[in-house]
Amino acid sequence: MRKEDPIKPRYTMKENSRYMFQLAWQQRKSVIFIMLSITFLSVIVQLLELFITPILLQQIEMKASLYTFIKWLILFVLLLMSTKGGLAYLKTNTLLGRLNIRIYLISQLSQKMQQTSYPNLEDTRFLEKYESANYSVMTNGSATEIFWETMSKIIQNFFIFVIYLFLLSHLDITLALLVGVTAVCSFFYHQRKNKQAQLSRFAEEKLMKELNYIQQKGEDFSYAKDIRLFQQKNWLKEIYQTAFSNYQKLMLKKESYYLQANLADIGLNFVRNGIVYAYLLYLSMSQSWLVSEFLLYFLAISGFSQGIQMILTEMSNLNKYSLDINHLRDFLETEELFLFEEGKSLTADKHQSYEISLRGLSFTYPGAKKATFEDLNLTFHAGESVAIVGLNGAGKTTLVKIICGFLDPTHGEVLLNGINIKEYNRRDYYRLFSAVFQQFSVIETTILENITQGENPIQFEKAKDCIQLAGLQPMIERLPQGLSTLLGKKVYEKGIELSGGQIQRLMLARALYKEAPMLVLDEPTAALDPIAENDIYQKYHQLTKGHLAIFISHRLASTRFCDRVLYIEEGKVIEEGTHEDLMQKNGKYKALFEVQSKYYQEEVEVDGEVKNESITDA
Ligand SMILES: Nc1ncnc2c1ncn2[C@@H]1O[C@H](COP(=O)(O)OP(=O)(O)OP(=O)(O)O)[C@@H](O)[C@H]1O
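Analysis parameters
- Residues numbered from 1 in each chain as written.
- Predicted model: local features only at pLDDT ≥ 70, side-chain atom pairs only at ≥ 80, totals over all residues.
- Heavy atoms only, no water.
- UniProt positions renumbered as here; feature names shortened; annotations may be inferred.
- Near = heavy atom within 4 Å.
- Polar contact = N/O pair within 3.5 Å; in protein donor to acceptor, adjacent residues only side chain to side chain.
- Areas by Shrake-Rupley, 256 points an atom, 1.4 Å probe, with all protein chains shown as cover.
- Nonpolar A, V, L, I, M, F, W, Y, C, P; charged D, E, K, R; others polar.
- Helix = DSSP H or I, 4+ residues; strand = E, 2+ residues; numbered from the N terminus.
- Contact = heavy atoms within 4.5 Å.
- Salt bridge = Lys/Arg side-chain N within 4 Å of Asp/Glu carboxyl O.
- Buried < 20%, exposed > 50% of the residue type's maximum accessible area, 1.4 Å probe, protein only.
- Phe/Tyr/Trp six-rings, centres within 6.5 Å; stacked < 30°, edge-to-face > 60°.
- Core = buried A, V, L, I, M, F, W, Y, C linked by side-chain atoms within 4.5 Å.
- Domains from an automatic or database assignment.
- Patch = residues over 30% accessible without salt bridge, like charges linked within 9 Å, V, L, I, M, F, W, Y side chains within 5 Å.
- Pairing = 2+ DSSP bridges.
- Axes fitted to C-alpha atoms, helices over the stretch in contact; angles between N-to-C directions.

The name given to the protein in an unreviewed UniProt entry is ABC transporter ATP-binding protein, with the source organism recorded as Enterococcus lemanii. Of the protein, the UniProt comment under Subcellular location (unreviewed entry) reads exactly: "Cell membrane".

A. Looking closely at the site of the ligand. Around the ligand, the surrounding shell holds 13 residues, and the nearest of these are N392, G393, K396, T397 and T398. At a separation of 2.9 Å, an oxygen atom of the ligand approaches a polar backbone atom of G393. Side-chain polar atom of K396 to an oxygen atom of the ligand: 2.8 Å apart, as the coordinates give it. In the complex, the protein chains occlude 62% of the 640 Å² of accessible area that the ligand would expose alone. Among the residues making up the shell around the ligand, the classes are represented as three nonpolar, eight polar and two charged.

B. The arrangement of the side chain of D408 in detail. For D408, the location among the structural elements is in the loop between α11 (396–403) and β4 (411–416). Only 3.0 Å separates the side chain of D408 from the side chain of R426, close enough to count as a polar contact. Among residues more than four places away in sequence, those in contact with D408 are F338, F363, K422 and R426.

C. Quick look at the pattern of salt bridges. The full count for this structure, using the stated rule, is 21 salt bridges. For K401, the salt bridge identified is with E122, shortest N-O distance 3.4 Å. Pair noted here: K401 is in helix α11 and E122 is in the loop between α3 (66–115) and α4 (124–135), with a separation of 279 residues, a long-range link. Accessibility expressed as a relative area gives 16% for K401, which makes it buried. Classification of E122 as partly exposed rests on a relative accessible area of 38%. Taken together, the shared-partner salt bridges connect R10, R329, D330 and E333 into one network.

D. Highlighting the packing of aromatic side chains. Scanning the entire structure with this criterion turns up 20 aromatic pairs. On the numbers, 5.0 Å between centres and 50° between planes, the contact of Y118 with F406 is tilted. Here F406 lies in the loop between α11 and β4 and Y118 lies in the loop between α3 and α4, a separation of 288 residues in the sequence. Overall, Y118 belongs to the partly exposed group, its relative accessible area being 24%. Arranged with centres 6.4 Å apart and planes meeting at 10°, the rings of Y240 and F244 form a pair that is stacked.

E. Region of interest: the nonpolar core. Core analysis: the biggest nonpolar cluster contains 43 residues, and I447, L506, Y540 and Y589 have the highest contact counts within it. Looking at this core, the element that brings in the most residues is helix α16 (residues 500–514), giving eight residues. For this core, the two domains that each supply at least three residues are domain 2 (339–432 + 517–601 + 611–618) and domain 3 (442–515). In this view, Y589 contacts V389, L556, T559, V565, Y567, E575, H579, L582 and M583; residues no more than four positions away in its chain are not counted.

F. Seen up close, a nonpolar patch on the surface. Side chains of L66, I70, I74 and L78 sit close together on the surface and give an oily, nonpolar patch of about 400 Å² of accessible area. With respect to the secondary-structure elements, L78 resides in helix α3.

G. Representation of the UniProt feature "transmembrane region" (unreviewed entry) in the protein within the structure. Residues given the UniProt feature "transmembrane region" (unreviewed entry) here are residues 31–57, 69–90 and 158–189. End-to-end, the C-alpha atoms of residues 31–57 are 40 Å apart, and along that stretch the chain is 100% helix and 0% strand.

H. Highlighting the environment of S82. Following the sequence through the fold, S82 ends up in helix α3. The spatial distance from the C-alpha of S82 to the C-alpha of E15 is 36 Å, given a sequence separation of 67 residues.

I. Expanded view of the sheet that holds β4. Sheet architecture is open: four strands sit in the order β2-β1-β4-β5, paired in antiparallel fashion. The outermost strands of the open sheet, each flanked by one partner alone, are β2 (373–380) and β5 (419–420). Alignment of strand β1 (residues 356–363) against β2, held across five bridges, turns out to be antiparallel. Bridge pairing in β2 places S357 opposite T379.

J. Region of interest: the sheet that holds strand β7 (residues 518–522). Taken in spatial order, the six strands of this open sheet run β6-β7-β8-β3-β9-β10, and their pairing is mixed. Every other strand in the sheet has two partners, leaving β6 (433–436) and β10 (572–577) as the edge strands with one partner each. Averaged over all neighbouring strand pairs, the angle between strand axes comes to 15°, with direction disregarded. As judged from the five bridges shared by strand β9 (residues 564–569) and β10, these two strands associate in the antiparallel manner.

So this is what it looks like as structure tokens:
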């Protein structure tokens, strides 16, 4: 479990501020200029507001003419109107720029998630880092956007502080000191309470995650059937309410800290103002000031004290935002386990031969007590098709993840034509594989784009061939929009939902379109009916000739098309050979095959007649 109090931040407040300025300089320079202009105009407004009443009052005291009085009044009103108008304009104008910077950071986060070394995605600490980083870009009030407002307030109040200090030091330095010291005291108290409230931040994030999770699952279409059938409504509601009530308790505690800090502030202000104003009154009486003079100093004192407090409060806010920016940078700068651009480059060439060897390979999942593989030695020869079979949990998918370079072995190595794959740019290595995995990744866009994966220009003829081979053609012909039909209903109202088998065919078409030199299929036909499965495996057999192809399938009919079958049990290859070899061996493979073949009876309708036929005998 993560510690509540964050460890020493990697970057200081100054470094994070510089980071934000550099980012704005690269992405949107106007954000910096507008922030400085807002600061300048805010100082002007504040000074105008300070001087307007004392100067007008002074005109009355000096019995100035009505013309002079009105002249001053109009001057102030015009100045105030133009600066405030300018301020309003700039504040609206800066929003888009700030949003742009935040959106740029969101895209950086998303890219890191999409491209990070695969094991990171299974690492809880990395995922937690992502959650924390996300917090700093989530809304308009998040650190990376609000930073500019805070920075502007700090600079603005610093100028106000200097101007007022100059004004007050002319009057009496004790007064300036008194205001300064009391403001600093109240700041430190505030700071302590803020820190206590901040401590609940990680617990808050965790509870928010839980609440969002339940809410999302409740709205997720793929859960809709189970929720109804298993009557999960009340159960989900109960989980949500428990999390919500914990969240409420936490918020109440947090608010109580803020309340205590605010009450202390009010008390301290009261005492300070009492002392300071009494002293000011004493000075004004002993030195026979004009009312306008008294008013000017009175306003200057409250402005000065407010200025100091604002600087300190905004510095404390900046510190808080800096911690958030730290989380963001920490995540973006998380070291990669694999080599990417720094690795040797590779080009996917479908005419080249590729051989993959596993040497002394052991693999243990992080936190697992038992190794999934221990000292495994295997070679997948160029051009052969290999079937990996075995019972649930034997390690088939893990093996494929290691071969494809998603997981690195804990010990031993994976060699590509004799060279450790760790030396290559991992992104280039991925180009060598076409794959269909158990979990589908359909993007809600057109059928064609799902197959061609953003390739530009699209090779229409190749796409059509792949559709034909994957057996999607009859389905597409029935759709009025054909290949341009949109998939899914989350984004497009007119999108269509595909059946499990149709999605599997779509994934096959996508894998074929990629035309990579090696093919990996992890349960590629699980959602297909036996006739379609048989048909597809026959096609694979022709398609993969000359290419290394690795199949994982629980349907043992598929193994007959393969040059070699590996039967895996508890991370070890216990039987190996052709289908015929293993049948002759009379071992576990044969036993499994016989259990299955009983069910492989199909009814094939030929010319209107229904015939019984066993696929396994075909
Ligand atoms: N991310 C993970 N973290 C920890 N253990 C895992 C992880 N993924 C898989 N395992 C474990 O590793 C073992 C092998 O799993 P794997 O998915 O490779 O088996 P499989 O042969 O593909 O199973 P199936 O036929 O059910 O798909 C199992 O005991 C599984 O619980």
